[in-house]
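An overview of the molecular structure
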Amino acid sequence: GQQLNQSPQSMFIQEGEDVSMNCTSSSIFNTWLWYKQDPGEGPVLLIALYKAGELTSNGRLTAQFGITRKDSFLNISASIPSDVGIYFCAGLTGANSKLTFGKGITLSVRP
Amino acid sequence: DAGITQSPRHKVTETGTPVTLRCHQTENHRYMYWYRQDPGHGLRLIHYSYGVKDTDKGEVSDGYSVSRSKTEDFLLTLESATSSQTSVYFCAISAAAGGYTFGSGTRLTVV
């Protein structure tokens, strides 16, 4: 089946640093989504990307839909302690398909 | 998100007992999903529904059943709970295939 690959499983950064996360697949996706999960809560949608090559920002977050449609990245600039959490990428292959999720990256931010 | 609630938030149950988790939405969304989240596995789809009385299996459906008799409620039942079903369960809703809104989760422990 389709798989989305996120690595590493965990990342540790210093407050104020930028961090970039990749999500790759051997399959083509038509929509890419990035979610963040805070401890004890459900994932929350951060950014949605609908077109190959699209670059979208949401505050300190920037995400891009790869040209090949097989990858996406999320960049967080000037990290702060509340950026701590699990970041999931997710993809859709078609209008009636279900989301495929990556396994997530746990981000820790040292003050 | 106030539009989707899960109950209970926490439950401890004994092996072999039946358990039902409830997902309730006030958004009138067509699609509803049940996921489980386990360390190292990310989010895995158990069952989903695309309308009242229309449900289908996800990738980890063994040992689970669902029912959707009204648009707003999607029930997940473990007929005979096992320790391998100890997990955090998330419900999600979507208006169309695409960005899902997740509930806050139910932490289930089977002892």
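Now for a quick tour of the structure. (Residues numbered from 1 in each chain as written. Chains lettered and ligands numbered in written order. Predicted model: local features only at pLDDT ≥ 70, side-chain atom pairs only at ≥ 80, totals over all residues. Heavy atoms only, no water.)

Let's shift gears to the overall build of chain A. When helices and strands are counted, chain A shows zero helices and ten strands. In terms of overall dimensions, chain A is globule-like: its C-alpha atoms have a radius of gyration of 13 Å, near the 13 Å expected for 111 residues. Its C-alpha atoms give chain A principal-axis dimensions of about 40 × 25 × 20 Å. Looking at chain A as a whole, 42% of its 111 residues are labelled buried. Contacts in chain A between residues far apart in sequence, at least 24 positions, make up 53% of those at least 6 positions apart. With an accessible surface of roughly 5400 Å², chain A has 51% of that area assigned to carbon and sulfur atoms. (Helix = DSSP H or I, 4+ residues; strand = E, 2+ residues; numbered from the N terminus. Rg over C-alpha atoms; globule rule 2.2 N^0.38 Å. Buried < 20%, exposed > 50% of the residue type's maximum accessible area, 1.4 Å probe, protein only. Contact = heavy atoms within 4.5 Å. Areas by Shrake-Rupley, 256 points an atom, 1.4 Å probe, with all protein chains shown as cover.)

With that out of the way, let us pick up the interface of chain B and chain A. On the side of chain A, 18 residues touch chain B, which itself brings 19 residues to the contact. Across the chain B-chain A interface, the total number found is zero salt bridges. Scanning the region where chain B abuts chain A turns up six residue pairs in polar contact (both at pLDDT 80 or more). Those elements that provide at least two residues to the side of chain B that touches chain A are β4 (31–38) and β5 (42–51) of chain B. Of the residues belonging to the side of chain B that touches chain A, the class tally is ten nonpolar, eight polar and one charged. (Salt bridge = Lys/Arg side-chain N within 4 Å of Asp/Glu carboxyl O. Polar contact = N/O pair within 3.5 Å; in protein donor to acceptor, adjacent residues only side chain to side chain. Nonpolar A, V, L, I, M, F, W, Y, C, P; charged D, E, K, R; others polar.)

Tallied over the entire structure, the rule returns two disulfides over all chains. Residue Cys23(A) pairs covalently with Cys89(A) via a disulfide, S to S 1.9 Å. An S-S torsion of about 55 degrees defines the bridge between Cys23(A) and Cys89(A) as right-handed. On the criterion of sequence distance, the pair formed by Cys23(A) in strand β2 (residues 19–24) and Cys89(A) in strand β8 (residues 85–92) is long-range, its members being 66 residues apart. There is a disulfide in this structure between Cys23(B) and Cys91(B), and the S-S distance comes to 1.9 Å. Measuring the twist about the S-S bond at about -75 degrees, one finds the Cys23(B)-Cys91(B) disulfide to be left-handed. Of this pair, Cys23(B) sits in strand β3 (residues 19–25) while Cys91(B) sits in strand β9 (residues 87–94); the two residues are 68 residues apart in sequence, bridging distant segments of the chain. (Disulfide = S-S within 2.5 Å.)

All names here are of chain A. Buried residues dominate β8, accounting for seven of its eight residues. Looking at chain direction, strand β3 (residues 31–37) and β8 are connected through seven bridges and run antiparallel. When the sheet's bridge partners are listed, Tyr-35 is paired in β8 with Phe-88. Note that β8 and strand β10 (residues 105–110) share three bridges and pair antiparallel. Residue Ile-86 lies in a different strand from β10, and its bridge partner there is Thr-106. Judged from the two bridges that link them, β8 and strand β9 (residues 100–101) form a sheet pairing that is antiparallel. Looking at β9, one finds that Ala-90 is bridged to Phe-101. (Pairing = 2+ DSSP bridges.)

All names here are of chain A. Counting 22 residues, the largest nonpolar core has Met-21, Trp-34, Leu-74 and Leu-107 as the members making the most contacts within it. Among the secondary structure elements, those contributing two or more residues to this core are β1 (10–14), β2, β3, β4 (44–49), β6 (61–65), β7 (71–76), β8 and β10. Not counting residues within four places of it along the chain, the set of residues in contact with Met-21 comprises Met-11, Trp-34, Ser-72, Phe-73, Leu-74, Ile-76, Tyr-87, Ile-105 and Leu-107. (Core = buried A, V, L, I, M, F, W, Y, C linked by side-chain atoms within 4.5 Å.)

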